[in-house]
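# Residue-level structural notes
Spelled out, the chains give:
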Amino acid sequence: MPVTVLVVDDEANVASMMRMVLESDGYEVAVARSAGEAMALFGSQTFDVVVTDMRMESATSGYEVARAASTLAGDPAIILLTGFPLPSRDWRQSGAHAMLQKPVPIAKLLEALHEVLAQRAARRRQDQK
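In this report, we go over the structure that sits alongside the text. All of these numbers come straight from a predicted model, not from anything done at the bench.

Below, the discussion takes up unusual backbone geometry. In this structure, Pro103 follows Lys102 across a cis peptide bond, with omega equal to -5°. Tracing the sequence through the fold places Pro103 in the loop between strand S5 (98-101) and helix H5 (106-128).

Printed below as a string of structure tokens:
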């Protein structure tokens, strides 16, 4: 069963590029162009990973997506994307597992995705003990 990823970004070219890269790496990808669209998808689909831009409709839209995603069944891994990096303690409070600075090199995106999925699998193994 493929890993499902939700990409949330209001920039069409960024969302398209990420979808293309992730699909070519074997991921099943859905795209939301706003925090509101992401929230609607949370009600109808399950995701293994949520990759969200920090600033969309507002400066805190990405935080809202991350906080909502962190409460979902299935415990998706969350990656924040931003052009304005924040201290780790700030973005971790939203429930995010990683933060990448835009523009994100493809190799860095894939590396972060693999890493958060490995961390998620380790948490699940630990929880089962």
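All right, on to the environment of Asp127 then. With respect to the element layout, Asp127 can be found in helix H5. A relative accessible area of 65% places Asp127 in the exposed class.

Take helix H1 (residues 12-24) next. The end-to-end C-alpha distance of H1 is 18 Å, a good match for the 18 Å that 13 residues give at a rise of 1.5 Å each. Residues of H1 that are buried include every one of Val14, Ala15, Met18, Val21 and Leu22, and no others. Projected onto a plane normal to the axis of H1, the buried residues spread over an arc of 135° and lie on a single side. In this structure, H1 carries Asn13, Met20 and Ser24 as exposed residues pointing more than 90 degrees from its buried face. On the buried face of H1, the contacting elements are strand S1 (4-8), strand S2 (28-32), strand S3 (49-53), strand S4 (77-82) and H5.

Criteria and cut-off values
Residues numbered from 1 in each chain as written. Predicted model: local features only at pLDDT ≥ 70, side-chain atom pairs only at ≥ 80, totals over all residues. Heavy atoms only, no water. Helix = DSSP H or I, 4+ residues; strand = E, 2+ residues; numbered from the N terminus. Buried < 20%, exposed > 50% of the residue type's maximum accessible area, 1.4 Å probe, protein only. Expected span 1.5 Å × (residues − 1). Arc of directions from axis to C-beta. Contact = heavy atoms within 4.5 Å.

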